[in-house]
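So the chains spell out like this:
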Amino acid sequence: MQTAFSAEQLVDPEFAASHAAIRKCVHCGFCTATCPTYVLLGDERDSPRGRIELIKAMLEDGGVPSKETVTHVDRCLSCLACTTTCPSGVDYAQLIDHGRTYIEQHYRRPLPERWLRALIPAVLTRPGRLAAALALGRFAQPFRNLLPGPLAALLRLVPGRARPPATAPATYPPQVASRGRVALLQGCVEPAMAPSIRDAAIRLITRAGFEVVLVEGEGCCGALSEHLGRAQEARAFAAANVRAWTTAGPFDAIVTTAAGCGTALKGYGHLLRGDGDADLAASLSRDILEFVAEAGLPPVMAGYATSACVFVGSMLRPIGGGLADRLGGVRTLTVMYIMAAAALAMISFGLPHLWMAIAGFVIGMGALGMGNGAVFQLAPQRFGKEIGVVTGQ
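Bear in mind the structure is a predicted one, so any value in this text is a computation, not a measurement.

Counting secondary structure elements, the protein chain contains 21 helices and five strands. Within the protein chain, buried positions represent 40% of all 393 residues. Sequence separation of at least 24 residues holds for 70% of the intrachain contacts in the protein chain that already meet a minimum separation of 6. Summed over all atoms, the accessible surface of the protein chain reaches about 21,900 Å², with 64% contributed by carbon and sulfur.

Here it is in structure tokens:
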């Protein structure tokens, strides 16, 4: 795509980076198929290709952005799904972040919108303020229909009363032979909204043999500020985190349990250009699923009941599968439901005799085997060749 940036504009590193990204776009339109806002609204201006055109025109022309441009840029979710299908490697994150920063600096929004955009980062990025806001939100929830739309939408997200956060130790030792040391991003919203997620992540990582460190001095990842166009604020958050990790390190990985935070961390090298520590932090950043895939899951201990179910279910599966071949998928499912209901009824009514317990268990496992057979009967009919690998066809 051709650009018309002036030589003075290209002296700015942000403009130079955006210029290079725009030049890569060939208008192929592959990005539109993966963009949720375009799929939902069907407006070219709400596609990555359309937004690139709007941002290009806005940056080239300078001055105050139009309301239309602001609306379509604001609708971007920053999911970056478009980058997964772009054959030209367009750095869409650079363009959308630069566009938002430019809008924040040059466009004056209505007063209520400015208040809300100032309130969100002031509260959500500070766990103490967020906890107080959630308590107030739970009190105000019955009156949410009386409030303006944006505030009512926020109140609908307020969770029920959660357990108060306990004082967390700074480190959690590995539960098996040590394999390394990781920093777990504590986040700002998640501890107040869903503290069980961090608890589960710590249990999983320590069982895999890694020491987990909750680094002192760490704060918000900066994603929220960056998405609001507050580039300087985002850089301040990122720089503080990098300093904290460098002081507490070294680490084998910096693990996050929120996808948005993970994306922000991977962009620290770009956000803090020229900072070697930021580049290192970005290279060590891992989503919890990425980390588990690389490190491997800890061994799982199965109880006798689970082993028995798997053993008996495996024995009965050929029987159920053979019956499914004769009855067909839909009729097999019907028989399976009847057998499962019979087994459940026998178990529920106390099973006064041992033979009833055994019969109920066998019938239930037979139903499981028939269910497997039914799936293999129905799946090819429903999905055709898409599951040929699974069914062996």
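Okay, back to it.
Glancing now at the sheet that holds strand 3 (residues 210-213). In a beta sheet, neighbouring strands are held together by backbone hydrogen bonds and run either parallel or antiparallel to one another. Read from one edge of the open sheet, five strands run 1-3-2-4-5, paired in mixed fashion. Of all the strands in the sheet, the pair left with one neighbour each is strand 1 (171-172) and strand 5 (285-287). Contacting strand 4 (253-256) and strand 5, helix 16 (residues 276-284) crosses the sheet at an angle of about 25° to strand 5.

Let's shift gears to the packing of helix 5 (residues 67-74) against helix 6 (residues 92-106). Taken N-terminus to C-terminus, the directions of helix 5 and helix 6 make an angle of 135°; their axes are 11 Å apart at the nearest point. The angle between the axes of helix 5 and helix 6 places the two elements in the oblique class. With respect to the hand of their crossing, helix 5 and helix 6 are arranged in left-handed fashion. Side by side, helix 5 and helix 6 meet where Val70, Val73 and Asp74 of the first sit next to Ile96, Arg100 and Ile103 of the second. Broken down by class, the residue content of the contact of helix 5 with helix 6 amounts to four nonpolar, no polar and two charged.

Counting residues in hydrophobic clusters, the biggest one holds 23 residues, and the most contacted among them are Val215, Cys221, Trp245, Ile254, Leu265 and Tyr268. Contributions of two or more residues to this core are made by helix 13 (231-248), helix 14 (259-266), helix 15 (268-271) and helix 16. The greatest single-element share of this core, amounting to five residues, is contributed by helix 13. With residues near it in sequence (within four places) discarded, isoleucine 254 still touches Ala183, Trp245, Leu265, Ala281, Leu284, Ser285 and Arg286.

Bringing helix 8 (residues 127-140) into the picture now. The end-to-end C-alpha distance of helix 8 is 20 Å, a good match for the 20 Å that 14 residues give at a rise of 1.5 Å each. Taken residue by residue, helix 8 has Leu130, Leu134, Gly137 and Ala140 as its buried positions. Looking straight down helix 8, one finds its buried side chains confined to an arc of 125°; they lie on one side. Every exposed residue of helix 8 that faces more than 90 degrees away from the buried side is listed here: Gly128, Leu136 and Phe139. Summarising the contacts, the buried residues of helix 8 are in contact with helix 7 (111-124), helix 9 (149-156) and helix 10 (190-193).

The next thing to look at is the confidence of the model for the protein chain. Note: predicted coordinates in regions of low pLDDT should not be interpreted at a detailed level. Here the protein chain averages 78 in pLDDT, and 74% of its residues register 70 or above. Below a pLDDT of 50 lies the segment residues 301-333, which in the model reaches 37 contacts outside its immediate sequence neighbourhood of four places, other chains included. Below pLDDT 50 for its whole length, residues 372-393 participates in 24 contacts with residues either more than four positions away or in separate chains.

The rules behind the values
- Residues numbered from 1 in each chain as written.
- Predicted model: local features only at pLDDT ≥ 70, side-chain atom pairs only at ≥ 80, totals over all residues.
- Heavy atoms only, no water.
- Helix = DSSP H or I, 4+ residues; strand = E, 2+ residues; numbered from the N terminus.
- Buried < 20%, exposed > 50% of the residue type's maximum accessible area, 1.4 Å probe, protein only.
- Contact = heavy atoms within 4.5 Å.
- Areas by Shrake-Rupley, 256 points an atom, 1.4 Å probe, with all protein chains shown as cover.
- Pairing = 2+ DSSP bridges.
- Axes fitted to C-alpha atoms, helices over the stretch in contact; angles between N-to-C directions.
- Parallel < 35°, antiparallel > 145°, perpendicular 65-115°, else oblique.
- Left-handed = near helix turned anticlockwise from the far one by under 90°.
- Nonpolar A, V, L, I, M, F, W, Y, C, P; charged D, E, K, R; others polar.
- Core = buried A, V, L, I, M, F, W, Y, C linked by side-chain atoms within 4.5 Å.
- Expected span 1.5 Å × (residues − 1).
- Arc of directions from axis to C-beta.
- pLDDT = per-residue confidence, 0-100.

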